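# Remarks on the overall topology
Next come the chains, spelled out residue by residue.
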Amino acid sequence: MQLGLIGLGKMGGNMRERIRRAGHTVIGYDRNPEVSDVKSLAELVEKLDAPRQVWVMVPAGTATQGVIDELKDLLSEGDTVIDGGNSRWTDDEKHAAELGIKGIGFVDAGVSGGVWGLQNGYALMVGGDKEHVDRLRPVFEALKPEGPYGYVHAGRVGAGHFSKMVHNGIEYAMMQAYAEGWELLEKVKSVDNVREVFRSWQEGTVIRSWLLDLAVNALDDDEHLEKLRGYAEDSGEGRWTVEAAIDNAVPLPAITASLFARFASRQDDSPQMKMVAALRNQFGGHAVEKKG
Ligand SMILES: NC(=O)C1=CN([C@@H]2O[C@H](COP(=O)(O)OP(=O)(O)OC[C@H]3O[C@@H](n4cnc5c(N)ncnc54)[C@H](O)[C@@H]3O)[C@@H](O)[C@H]2O)C=CC1
Ligand SMILES: O=C(CO)[C@H](O)[C@H](O)COP(=O)(O)O
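This structure is a prediction, so every number in the text was calculated from the model and none was measured.

Cut-offs applied
- Residues numbered from 1 in each chain as written.
- Chains lettered and ligands numbered in written order.
- Predicted model: local features only at pLDDT ≥ 70, side-chain atom pairs only at ≥ 80, totals over all residues.
- Heavy atoms only, no water.
- Axes fitted to C-alpha atoms, helices over the stretch in contact; angles between N-to-C directions.
- Helix = DSSP H or I, 4+ residues; strand = E, 2+ residues; numbered from the N terminus.
- Parallel < 35°, antiparallel > 145°, perpendicular 65-115°, else oblique.
- Contact = heavy atoms within 4.5 Å.
- Nonpolar A, V, L, I, M, F, W, Y, C, P; charged D, E, K, R; others polar.
- Near = heavy atom within 4 Å.
- Polar contact = N/O pair within 3.5 Å; in protein donor to acceptor, adjacent residues only side chain to side chain.
- Areas by Shrake-Rupley, 256 points an atom, 1.4 Å probe, with all protein chains shown as cover.
- Phe/Tyr/Trp six-rings, centres within 6.5 Å; stacked < 30°, edge-to-face > 60°.
- Buried < 20%, exposed > 50% of the residue type's maximum accessible area, 1.4 Å probe, protein only.
- Lys NZ or Arg CZ within 6 Å of the ring centre and 35° of its normal.
- Right-handed = clockwise from strand over helix to strand, strands pointing away.
- UniProt positions renumbered as here; feature names shortened; annotations may be inferred.
- Core = buried A, V, L, I, M, F, W, Y, C linked by side-chain atoms within 4.5 Å.

## Brief notes about the packing of helix α8 (residues 159-187) against helix α11 (residues 237-247)
Between α8 and α11, the shortest axis-to-axis distance is 8 Å and the interhelical angle comes to 105°. Comparing the axis directions of α8 and α11 gives the class roughly perpendicular. Within the contact between the two elements, α8 uses F162, K164, M165, V166, N168, G169 and Y172 and α11 uses E237, G238, W240, T241 and A244. When the residues that make up the contact of α8 with α11 are grouped by side-chain class, the tally is six nonpolar, four polar and two charged.

## Some points on the site of ligand 2
Taken together, N86, K164, H167, N168, E171, Y172, D234, S235 and R262 make up the full set of residues near ligand 2. With respect to ligand 2, the side chain of K164 contributes an N or O atom lying 2.6 Å from an oxygen atom. Considered on its own, ligand 2 offers 370 Å² of accessible surface; in the complex 68% of this is hidden by protein. Top contributing element to the shell around ligand 2 by residue count: α8, with five residues. A breakdown of the residues in the shell around ligand 2 according to their chemical character gives one nonpolar, four polar and four charged.

## A closer look at the packing of aromatic side chains
Summed over all chains, the structure comprises six aromatic pairs. The interplanar angle of 85° and the centroid separation of 4.8 Å between the aromatic rings of W89 and F162 together place this pair among those described as edge-to-face. Of this pair, W89 sits in the loop between β4 (80-83) and α4 (90-100) while F162 sits in helix α8, and the two are 73 residues apart along the sequence. Overall, the relative accessible area of 29% leaves F162 in the partly exposed class. Directly above the ring of Y172 sits R262, whose terminal nitrogen or CZ lies 3.6 Å from the centroid.

## A short note on the pairing of strand β2 (residues 25-29)
For β2, the buried fraction is high: four of the five residues fall into the buried class. Of the crossover connections in this fold, the one passing from strand β1 (residues 2-6) over helix α1 (residues 12-21) to the parallel β2 is right-handed.

## Considering the UniProt feature "domain: 6-phosphogluconate dehydrogenase C-terminal" (unreviewed entry) in the protein chain
UniProt records the feature "domain: 6-phosphogluconate dehydrogenase C-terminal" (unreviewed entry) for residues 160-292 in the present numbering. What you have in residues 160-292 is 64% helix and 0% strand, and the ends, taken at the C-alpha atoms, are 51 Å apart.

## Concerning the nonpolar core
One finds W55, L124, V126, F140 and L143 to be the most contacted residues of the largest nonpolar core, which totals 22 residues. When residues of this core are traced back to their parent elements, those giving at least two are β1, α1, β5 (105-112), β6 (123-127) and α7 (137-143). Look past the residues within four positions of F140 in its chain and what remains in contact with it is W55, V107, L124, V126, V133 and Y151. Core analysis: the second largest hydrophobic core is formed by 21 residues, Y29, L48, V56 and V157 among them.

## Brief notes about the UniProt feature "active site" (unreviewed entry) in the protein chain
Per the UniProt annotation, the sites labelled "active site" (unreviewed entry) are K164. On the secondary structure map, K164 appears in helix α8. With residues up to four places along the chain from it excluded, the contact list for K164 reads N86, G110, V111, S112, M125 and E237.

Below is the structure:
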C-alpha cells in the first residue's frame, strides 16, 4: 500500500525504511530537504492515490497542529491522517473533529521502540474508528515487532495516545528506580564493580528488562557516567500522566516522584532546600552551609 509520512527524524526516518522493507510505497516529507522525498506537503499529497493515508511523526504540540491544519486543506473526504507522535491525548478528539468536518478520518497511534525500532519493530497502541484503523492494518503490520504482541487497537480516538502516555509514565518510574539503585551501589564502597552487578541482573532476575539492558549499554560506554551531567529533560508525557492521575484521583506516587526528580535535576541549587535549611536554623539553631 501507499503511505505519506511527515517527519523523517529519529523515528520517522527509520519507520519509512521499515515500511519500505515490508514492500510498501512510502513518500516522505520533512522540512529538512536533505531527508525529504518531496519538496512540500502539497507535492506529497499530489503523489498519493486516493483514498490517501498520511502519517504525521513530528514533535507534539505546535508542529503537529501546524501539519494537521495544512493537511486539512490539502486532503479530501475518505483520506485518513494518523498522528504517531507523542501528542497529548486530549488533542486527539479536537484533531478528529477538525478533520472530520471534511470527512477525513483520524487515527492516533502511540509508538514505542525509539531509535531501535528499525531493527526490533515498533510497538503500537492505536485509537480510532474501526473502519479507519482496519484500513491501516498493512502499515501497522509492517511496523510492529515480530511475534503475537506489540499491536493493539486500544479503543476510540485518544485511546492510543492515552495508552502511550501511561506507558511513558511507567518508563519514567522504571528508569528512576534503576537510577536510584545505581547511585546507591556506586556510593557504598563495599561493591567493587557496580557495572558487573547490573550486568548480572540481566538474566534470571526479577528486575531484568530492556531498560536494564540499555543501562548496561550506557555503563559499557562510560562506566561511571562521568561524561554526563545529571540533568534530564522531559517532553510532556510524564506531566500529562500525573495530570490524568489528579483528574481521576488515582494515586501515582512512583511516577510523580520520578517526574519531580527530573525537575530537581535542572537546578544547580535548590531554592526550597534553602528554605528548609533556613527554617531548621530558625527553630533549632542547626548549622547552615553558606555560599562562597
Ligand atoms: N525519539 C523517540 O524515542 C520517540 C519519539 N516519539 C515521538 O515521535 C515524534 C518524532 O520524534 P523524533 O523523530 O524523535 O523527533 P526528531 O526531532 O528526531 O524528528 C522530528 C522531525 O520532524 C521534522 N519536522 C518538524 N516540524 C515539521 C513540519 N512542520 N513539517 C515537516 N517536518 C517537520 C523535523 O525536521 C525532524 O526531522 C515526536 O512526537 C516524539 O515525541 C515517539 C516515540 C519514541
Ligand atoms: O516516547 C518515548 C519513549 O517511549 C520518547 O523517547 C519520549 O521522548 C520519552 O519521554 P521523555 O522525553 O519525556 O523522557
